[in-house]
Amino acid sequence: MDSEAASKAVLISNSEAWQDLKNHVTEINNTHLRDLLSDEERLKSFIIEHDGVVVDFSRQRATKETLTKLFSLAKEAKLKEKIDKLFAGDHINATENRSVLHVALRAPRDVVITSEGKNVVPDVWNVLDKIKVFSNKIREGSLVGATGKPLTDVVAIGIGGSFLGPLFVHTALKTEPKASELAKGRKLHFLANVDPIDVVRALDGLKQETTLVVVVSKTFTTAETMLNARTLRTWITAALGQGAVSKHMVAVSTNLKLVKDFGINPENAFTFWDWVGGRYSVCSAVGVLPLSIQYGFDTVNRFLQGAWSVDEHFRTTPFDKNLPVLLGLLSVWNVTFLGFPARAILPYCQALEKLAPHIQQVSMESNGKGVSIEGVQLPYETGEIDFGEPGTNGQHSFYQLIHQGRVIPCDFIGVIESQQPIYLKGEVVSNHDELMSNFFAQADALAYGKTSDELRAEGVPEKLIPHKTFKGNRPSVSILLKNVTPFTVGQLLAIYEHRVAVQGFLWGINSFDQWGVELGKVLASRVRAQINASHTKGKAVEGFNYSTTTLLTRYLKESIQ
Ligand code: F6P
């Protein structure tokens, strides 16, 4: 959009619905969650279920009236139209002129989803079918390494979206009984950081002849990934000879030419498309290939089906029963209107320990923007700071701040059935019940707090009363899953992906580009060139500010070459 058109663009913050919500803040600030939680009528409509996933919004600082106002904002922001455009393959990623169709990656074969007027679902399934055949061959040992040995270890090289999603799913399934049975005798390793320490750690205990390297990069140009790919190519060829690359290295990318130039057999390349954003790519070959080798294709297919169950829910369900929409609207309410800039993601399940790192990228790379999709500077902040740890570990770390310091809306994620229950004779409750006791308790502790009167009634000495008082009124949502299986992991992933999209649609930004990561990459090239010139030609550091010149000179002087 040119600057004239941009200046005419209407910002959502100029709408009546926005102003109405701003006016509503005072009323909510005068309401305590203690009171909201005693309104039974409200509670009934604040617990929503879809396909086994229960989400309890009752500890949000919101009334039915708040929701009505948020629905008006959604109408003003044309949320329904935007969701429809996403599924219709419109170029909603305007700055890159692309469709945003990660939903097509998990669509059943018979569904039609188009980009540029072409149904993309058959292309998706061609790759899935190819992965199924390839992963089966590796798993049953009919496709072997250069010396004829089965390929029992996989190292997936990739960073950002080419790493965090697959790591999240792998970590979630590792101890799932059926998946772990299917993974017996196999190991999946990740190499993300260009730090040589990560290389050494990823290769620890591995032998070239039984290792398959999967290079995962949408662009096949990411500096860190390509350097790690070259490092592992050398690791393989040094032990097994040049010819071993075709048997020990495969690739996942949209850039098949660069894959071929790198020396990987094009038949061992698994493609995806520019309408899949990196951080939304775990359901493409990016995740499906390494995870299928580890757990079998059928397991991964159930993960895709779980995501699709939520996709359909998101596309078709009225907003008042639509989980990602409600979560997204309430996040905007928390961030923009109530002014809480962070969100804690707190799974009470160790298997979900990599959810927060994955959602950090999905959310912050998507919604950390400063201008509207038309390029107009925004008068309000977008995005939130996501962080998290599994409970109860986090309780012994940063919860102090959440209870008595800053107000940080929390996502509590609980699971009804543990993947690995332990029942110890003589204990009051099982390990999992102990974990879940905390899941239930924390949400109420944050909401209700503890008053000085309550403390006095307990006989707490007067001088400690201020220290022991909890103001409460701290919002959270509770998400309850039946279990952590491939299907429910897919559901959880899609809930978060769509929630982020809803937030971006409301803020009027483009959640699907990431120009903010470019500048650092450009500056790193200048530093790289300087380091190279200094090492090879003894060139003094020049062209940088005093600070960088001083530290870089020191680095070059003392670093081992
Ligand atoms: O630098 C950010 C980023 O572009 C992410 O958006 C992306 O997921 C990651 O780098 C990796 O990119 P690629 O898959 O092209 O190697």
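The structure this text deals with has already been given above.
Residues numbered from 1 in each chain as written. Predicted model: local features only at pLDDT ≥ 70, side-chain atom pairs only at ≥ 80, totals over all residues. Heavy atoms only, no water.

### Examining the overall build of the protein chain
Helices and strands together make up the secondary structure of the protein chain, namely 24 helices and 13 strands. Rg of the C-alpha trace for the protein chain: 25 Å, near the compact-globule value of 24 Å for 561 residues, within the 12% margin. Projecting the C-alpha coordinates of the protein chain onto the three principal axes gives extents of approximately 75 × 70 × 60 Å. By residue count, 53% of the 561 residues in the protein chain fall in the buried class. For the protein chain, contacts bridging at least 24 residues in sequence account for 75% of all contacts bridging at least 6. When the accessible surface of the protein chain is split by element, carbon and sulfur atoms take 54% of a total near 25,300 Å². When the 60 basic and 60 acidic side-chain charges of the protein chain are each reduced to a single mean position, those positions are 6 Å apart. (Helix = DSSP H or I, 4+ residues; strand = E, 2+ residues; numbered from the N terminus. Rg over C-alpha atoms; globule rule 2.2 N^0.38 Å. Buried < 20%, exposed > 50% of the residue type's maximum accessible area, 1.4 Å probe, protein only. Contact = heavy atoms within 4.5 Å. Areas by Shrake-Rupley, 256 points an atom, 1.4 Å probe, with all protein chains shown as cover. Lys, Arg positive; Asp, Glu negative; His and termini not counted. Charge placed at Lys NZ, Arg CZ, Asp CG, Glu CD.)

### A word on the site of the ligand
Taken together, 14 residues lie near the ligand, and S162, S217, T219, T222 and E365 sit nearest. A distance of 2.7 Å separates an oxygen atom of the ligand from a polar atom in the backbone of K218. One of the side-chain N or O atoms of Q361 is found 3.3 Å from an oxygen atom in the ligand. Within the shell around the ligand, the residues separate by chemical class into 2 nonpolar, 9 polar and 3 charged. (Near = heavy atom within 4 Å. Polar contact = N/O pair within 3.5 Å; in protein donor to acceptor, adjacent residues only side chain to side chain. Nonpolar A, V, L, I, M, F, W, Y, C, P; charged D, E, K, R; others polar.)

### Here's the deal with the pairing of strand β8 (residues 249–253)
Burial runs high along β8: 5 of the 5 residues are buried. Two strands pair when backbone bridges link them, and strand β7 (residues 211–216) and β8 are joined in this way by 4 bridges, in the parallel orientation. What sits directly across from V216, in β8, is V252. Where β8 meets strand β9 (residues 269–271), 3 bridges bridge the pair, whose relative direction is parallel. Opposite A251, over in β9, you have A269 as the bridge partner. (Pairing = 2+ DSSP bridges.)

### Remarks on the pattern of salt bridges
All told, the structure shown has 27 salt bridges when counted by the stated rule. Put simply, D56 and R59 hold a salt bridge, and the shortest N to O gap is 3.4 Å. Pair check on accessibility: D56 and R59 agree, each one buried. As a salt-bridge pair, K482 and E417 come within 2.6 Å of each other at their nearest N and O atoms. A residue pair is termed long-range when its members are at least 10 positions apart, and K482 in the loop between β13 (476–481) and α22 (486–507) and E417 in the loop between β12 (410–415) and α19 (431–448) qualify at 65 residues. With a relative accessible area of 44%, K482 lands in the partly exposed category. By sharing partners, the salt bridges in this structure join D20, E65 and K69 into a single network. (Salt bridge = Lys/Arg side-chain N within 4 Å of Asp/Glu carboxyl O.)

### What about the sheet that holds β8?
Taking strand neighbours across the sheet as the criterion, the 5 strands line up as β6-β5-β7-β8-β9 in an open arrangement whose pairing is parallel. Sheet topology places β6 (187–191) and β9 at the edges, where each strand pairs with a single neighbour. Taking each pair of neighbouring strands and ignoring which way they run, the sheet shows an average axis angle of 20°. (Axes fitted to C-alpha atoms, helices over the stretch in contact; angles between N-to-C directions.)

### What to know about the packing of aromatic side chains
In this structure the tally under the stated criterion is 15 aromatic pairs. Taking 4.6 Å as the distance between ring centres and 45° as the angle between the ring planes, the aromatic pair formed by W18 and Y380 counts as tilted. On the criterion of sequence distance, the pair formed by W18 in helix α2 (residues 16–29) and Y380 in the loop between α17 (355–367) and β11 (385–387) is long-range, its members being 362 residues apart. Summarising the burial analysis for this pair, W18 and Y380 share the class buried. Judged by centre distance (6.0 Å) and plane angle (90°), the ring pair of F220 and F262 falls under edge-to-face. Of this pair, F220 sits in the loop between β7 and α11 (223–240) while F262 is found in helix α13 (residues 256–262), placing the two residues 42 residues apart along the sequence. Classification of F220 by relative accessible area gives buried; the value is 4%. An aromatic cluster of three or more residues is present, and its members are W18, W333, F337 and Y380. Above the ring of F270, the side-chain terminus of K130 is found at 4.9 Å from the ring centroid. Note that R233 overlies the ring of F262, its terminal NZ or CZ placed 4.2 Å from the centroid. (Phe/Tyr/Trp six-rings, centres within 6.5 Å; stacked < 30°, edge-to-face > 60°. Lys NZ or Arg CZ within 6 Å of the ring centre and 35° of its normal.)

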